[in-house]
Amino acid sequence: MAIDSVTSELPSPMPAVELETPTRRGDVVAAILCLTAGLSGYLLLVPAAVYVPSKVAGTANSPAFLPNVLFLMLTGLSVIYLIQSFTVYLRQPAQGKARKMDWLLAGGTAVVCVGYIVAIYFVGMTLGAALGVAAMIYYFGERRVWLIGVIAIILPFLLWYFFEKIAHVLFPTPWFGIMEWLEGARNLTGGVA
């Protein structure tokens, strides 16, 4: 009987929440990130990236005026957001945390997305999209190689066709001109130029 009374007094573990569930902890973190972005932009980014001629320095005609105003507004609103979210966080009961597997899944997705962005610069938008789509499909559990291959070819081709042939928007030039090599090889074999 004594063991039952001891175990009934132990606090029960908090139920896990889904990763996308808004949490009060998440509000505090988001407010801190917004505040950091606002201060970094005002103190570091604008002075480093915006050239201000001496004639207009400190005036409303300065090229740095509007970015500084926007970063100051972001900073001010972030302070309000931080105070409000921190107050709510202290007053409300604790919430459960997301499962570690959910964070690992989200982190892996972020890694694939960063890899896609890097691939755009190295091999171009079309081939980078094919690699990114294939990696994402494989990461989320599909193991049929033929299906991954078909989707990884069709989607980037449609992307390329729409932007190049319909919208007439040029893709960024990659460091390694793989698609140009393919175009050149097609022209050498007698394909239509």
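How each quantity is defined
Residues numbered from 1 in each chain as written. Predicted model: local features only at pLDDT ≥ 70, side-chain atom pairs only at ≥ 80, totals over all residues. Heavy atoms only, no water. Helix = DSSP H or I, 4+ residues; strand = E, 2+ residues; numbered from the N terminus. Buried < 20%, exposed > 50% of the residue type's maximum accessible area, 1.4 Å probe, protein only. Phe/Tyr/Trp six-rings, centres within 6.5 Å; stacked < 30°, edge-to-face > 60°. Lys NZ or Arg CZ within 6 Å of the ring centre and 35° of its normal. Axes fitted to C-alpha atoms, helices over the stretch in contact; angles between N-to-C directions. Left-handed = near helix turned anticlockwise from the far one by under 90°. Contact = heavy atoms within 4.5 Å. Nonpolar A, V, L, I, M, F, W, Y, C, P; charged D, E, K, R; others polar.

J.: Now, about the environment of Gly 96: what can you tell me, with residues and values included?
T.: Tracing the sequence through the fold places Gly 96 in the loop between helix H3 (65-91) and helix H4 (100-123). Judged by relative accessible area, which is 6%, Gly 96 ranks as buried. Linking Gly 96 and Pro 15, residues 81 residues apart in sequence, is a C-alpha distance of 5.3 Å.

J.: With reference to specific residues and values, describe the packing of aromatic side chains.
T.: The final tally for this structure, using the stated rule, is six aromatic pairs. A centroid spacing of 5.4 Å and a plane angle of 85° characterise the contact between Tyr 139 and Phe 140, whose relative ring orientation is edge-to-face. Arranged with centres 6.4 Å apart and planes meeting at 55°, the rings of Trp 160 and Tyr 161 form a pair that is tilted. You can call Trp 160 partly exposed: its relative accessible area is 23%. Over the face of the ring belonging to Tyr 138 we find Arg 143, whose NZ or CZ atom lies 3.9 Å from the ring centre.

J.: Report on the packing of helix H5 (residues 125-139) against helix H6 (residues 145-166), specifying residues and quantitative values.
T.: At a minimum axis distance of 8 Å, the contact between H5 and H6 shows a crossing angle of 145°. Once H5 is placed against H6, the crossing between them reads as right-handed. Residues Met 125, Thr 126, Ala 129, Ala 130, Val 133, Ala 134, Ile 137 and Tyr 138 of H5 touch H6, and the partners they reach there are Ile 148, Ile 151, Ala 152, Leu 155, Pro 156, Leu 159 and Trp 160. The class makeup of the residues in the contact of H5 with H6 is 14 nonpolar, one polar and no charged.

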